[in-house]
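Coordinate inspection notes
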Amino acid sequence: MPITPHTLGVHHVLKYVPLNAIFDAPSKRRLAKAVNIADLRLCAKARAHKMVFDYLDAGADDEISLRRGKDAYSELEMHYHVLSGIKPPLDLRTKIFGCDVKLPFFACPTAGNRMFHHEGETAAARAAQHHGTLYGLSSLATTGITEIGEIHKGPKVFQLYVWKDRELVKEVLDKAKEGGFNALALTVDFTWYGNRERDIRNEFTIPPKYSVKQAIEAIRKPAWTYDFLSNPMYNYACINDDVPADSLAAFVSSQMAPEFDWKDAEWLLGEWGGPTAIKGVVRPDDAVKAVETGFSTIWVSNHGARQLETSPATISVLPSIREAVGPDVEIILDGGVQRGTDIAKALALGADSVGVGKPYLYGLAAGGTDGVIKALNILHVELDRAMGLLGTGTVDDLKKRGPGLIKQRGPSARDHPDIYAYERGYGGGII
C-alpha cells in the first residue's frame, strides 16, 4: 500500500483543526452570487482541483457531442400562448416510476460524489428530499444504500452497470430492495470506457496521484484540498465499503461485461421484479426492443456525452423514440440540460421526467448540500417561469400541448455570440 496522507492518518488530525470555514468562505460568497447553472459551473471550477473539475465537466474525444447536447436546445423555439389565465406558483407535480413527486426533474445517479465534496451523495439526497423529488444512486456511489435511505424518504432509483458476476449483481439488488429503492436503472452505454482526454492530460486517478503537478494544483485550491485531506478516503460503498476506491477500481473495471445482451437483461428483470429503466437509449428500434423485453421505462441518454463521440443530442432523438413506443411508456431524458427552459422543452417533446447530472454536480463541487439545493432551486424557478410564459399550468398540460409549442429552427451564430461563451459553459456566468 503506497504511503499517502490518508494511510498516515492525517485526516484524523485535521478533523480537529477547524480551518474548513476559513478555506470555504470565498466559495460560499461565490455560491451566494450565483444566479444560474453556468454561474455554478464557475463556482465549481474556482473551488475544485483541476482534475476533479475536468472529470465532471468533460466529454469524450473532441467533445462535439457535449457541445451539441447543449446547442440542440438552443435550436428549439418556444411558441407560447398568451392570456392563459394562470398564475404562479404552478403545479409541477408528476409521477416518476409510478411514484408521486413535486418536480418533474431529479438528480441523476452519478459515480463518486465524494470526489467533489466530502458530503457526496448525502448532499444530493438531502437536496432531493428538500425539493420533494426522486433521488438516483449510482452503484459506484461513495455513500452506502442504508445511509441514503435514512436521509431520503421519498422515491429512489438505483443505477446498475452491466456486470459479469451475477452473484454480485444479486447481492447489490438485495441491498437496494432492503434500502427502500423503488426502481432500478440498468446503464447499457458503458460497456467500454469513453475516451476522456482531459482526464488523460490531467493524469486523473482515484485516489489522486501525489505528484508535483497535482500538489501544485492542490495548493491553488485550498478549500477542496483541505476538504479532501480532513475527511476519510472514499470508497465504493454500495459494493464493498471495506475496500478503498483505488483497490476496487481495478475490480470494477474487470467486472464490466461488454458481452451483456438482451438475454442477460431478461435475467436481470426477473431478479429485480419491479419498475426498471434501460438507461442509455438513443434509437427508436432499441426502445421498442426494450419494451418488448420487459423494461417499464426508457431512459434516453448518451451518458452525458462522455462515451461515444458524435452520439446524437438526446433532445434531438426524443420525439422519434416517443413516437416509436407510444404514449403510455414512461420516458426519462437526460443530457445537455442547463436551464429550466431545457426541461420544459424535453417535457413538451415526449419526456415524462428529466434527469440532470452536471448542473447538480456543479452545485455539489461549489458548496456541498447548499450548492445542490441551489442548483435544483434555480432549475425549479426557471421551469416554473417557462411554463407560465408558455401558457401551461401543469406538467400534464405541457406534455399534452407540447408538440405545438416547440418548433425546430436552424443554428445561429448569435446563439453564443462572444468569445467567452465556451469558458462560461455556454451561457451566463458573470462571477
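Since this is a predicted model, take the numbers as computed values, not measurements.

**Observations regarding the layout of surface pockets**
Looking at the second largest pocket, its volume works out to about 460 Å³. Forming the walls of the second largest pocket are 22 residues, and the residues nearest its centre are V188, D189, G280, V281 and D286. For the lining of the second largest pocket, the elements supplying multiple residues, two or more each, are helix 13 (262-272) and strand 8 (276-281). Sorting elements by how many residues they give to the lining of the second largest pocket places strand 8 first, with three residues. Here the lining of the second largest pocket is composed, by residue class, of 11 nonpolar, seven polar and four charged.

**Brief notes about empty space enclosed by the protein**
Tallying each qualifying case throughout the model produces two cavities of 30 Å³ or more. For the lining of the second largest cavity, the residue count by class is six nonpolar, four polar and two charged.

**Observations concerning the confidence of the model for the protein**
Averaged over the protein, the pLDDT score is 91; the fraction of residues at 70 or greater is 92%. pLDDT under 50 marks residues 427-431. Its contacts with residues more than four places away, or in other chains, come to 18 contacts.

**A word on helix 13**
Spacing of three or four residues puts side chains on the same side of an α-helix, whose turn is 3.6 residues. Along helix 13, the residues classified as buried are D264, A265, W267, L268, L269 and W272. Each element contacted by the buried residues of helix 13 is listed here: strand 6 (156-160), helix 8 (166-178), strand 7 (183-187), strand 8 and helix 14 (284-293). Phi for G273, located one or two positions after helix 13, is positive at around 70°.

**Some remarks on the packing of aromatic side chains**
Scanning the entire structure with this criterion turns up 10 aromatic pairs. Aromatic side chains Y55 and F204 sit 4.7 Å apart centroid to centroid with 10° between the ring planes, which places their arrangement in the stacked category. Here F204 lies in the loop between helix 9 (197-202) and helix 10 (212-220) and Y55 lies in helix 4 (residues 50-57), a separation of 149 residues in the sequence. Residue classification places Y55 among the buried residues on the basis of a relative accessible area of 14%. Each ring, one from Y161 and one from F190, has its centre 5.1 Å from the other, and the planes form 45°; the classification is tilted. Here F190 lies in the loop between strand 7 and helix 9 and Y161 lies in the loop between strand 6 and helix 8, a separation of 29 residues in the sequence. Side by side, Y161 and F190 carry an identical accessibility label, which is buried. Members of the aromatic cluster, connected to one another through ring pairs, are Y55, F116 and F204. Between the NZ or CZ atom of R196 and the centre of the ring of Y193, over which it lies, the distance is 4.4 Å. Taking NZ or CZ as reference, R306 lies 4.8 Å from the ring centre of Y55, over its face.

**A closer look at the side chain of T187**
By the secondary structure assignment, T187 is in strand 7. Take T187: its relative accessible area is 1%, and that puts it in the buried class. Of note is the side chain of T187, whose polar atom sits 2.9 Å from the side chain of Q159. Not counting chain neighbours up to four residues away, the residues in contact with T187 comprise Q159, L160, Y161, V162, K279 and H303.

Rules behind the numbers
All residue numbers refer to position in the chain's written sequence, counted from 1. With the structure being a predicted model, the display of local features is reserved for residues of pLDDT at least 70 and the display and counting of side-chain atom pairs for 80 or more, all residues being used for whole-chain, interface and lining totals. Think of the side-chain values as coming from all heavy atoms in the structure, minus any hydrogens and water. Points on a 1 Å grid over protein atoms alone make up a cavity when a 1.4 Å probe fits among them but cannot get out, and a pocket when they form an open set with protein on both sides within 12 Å along at least five of seven lines; lining residues each have an atom within 4 Å of a point. Grid points are joined across faces, edges and corners, and a volume is the space filled by probe spheres set on the points. Runs of E in the DSSP output that reach at least two residues are strands. Runs of H or I that reach at least four are helices, and both are numbered from the N terminus. Throughout, the ten residues Ala, Val, Leu, Ile, Met, Phe, Trp, Tyr, Cys and Pro are labelled nonpolar, Asp, Glu, Lys and Arg are labelled charged, and all others, Gly among them, are labelled polar. pLDDT measures the predictor's confidence residue by residue and takes values from 0 up to 100. The contact criterion used is simple: two residues touch if any of their non-hydrogen atoms lie within 4.5 Å. The rule is simple: take the accessible area with a 1.4 Å probe, protein chains only, and divide by the maximum for that residue type; under 20% is buried, over 50% is exposed, in between is partly exposed. For Phe, Tyr and Trp, where Trp contributes only its six-membered ring, two rings pair if their centres lie within 6.5 Å, and the inter-plane angle classes them as stacked under 30 degrees, edge-to-face over 60, or tilted in between. We call a charge positioned over a ring when the NZ of a Lys or the CZ of an Arg lies within 6 Å of the ring centre and within 35 degrees of the ring normal. By the criterion applied in these results, polar contacts are pairs of N or O atoms within 3.5 Å in which, for protein atoms, one can donate a hydrogen and the other can accept it, and in which residues neighboring in sequence qualify only through two side-chain atoms.

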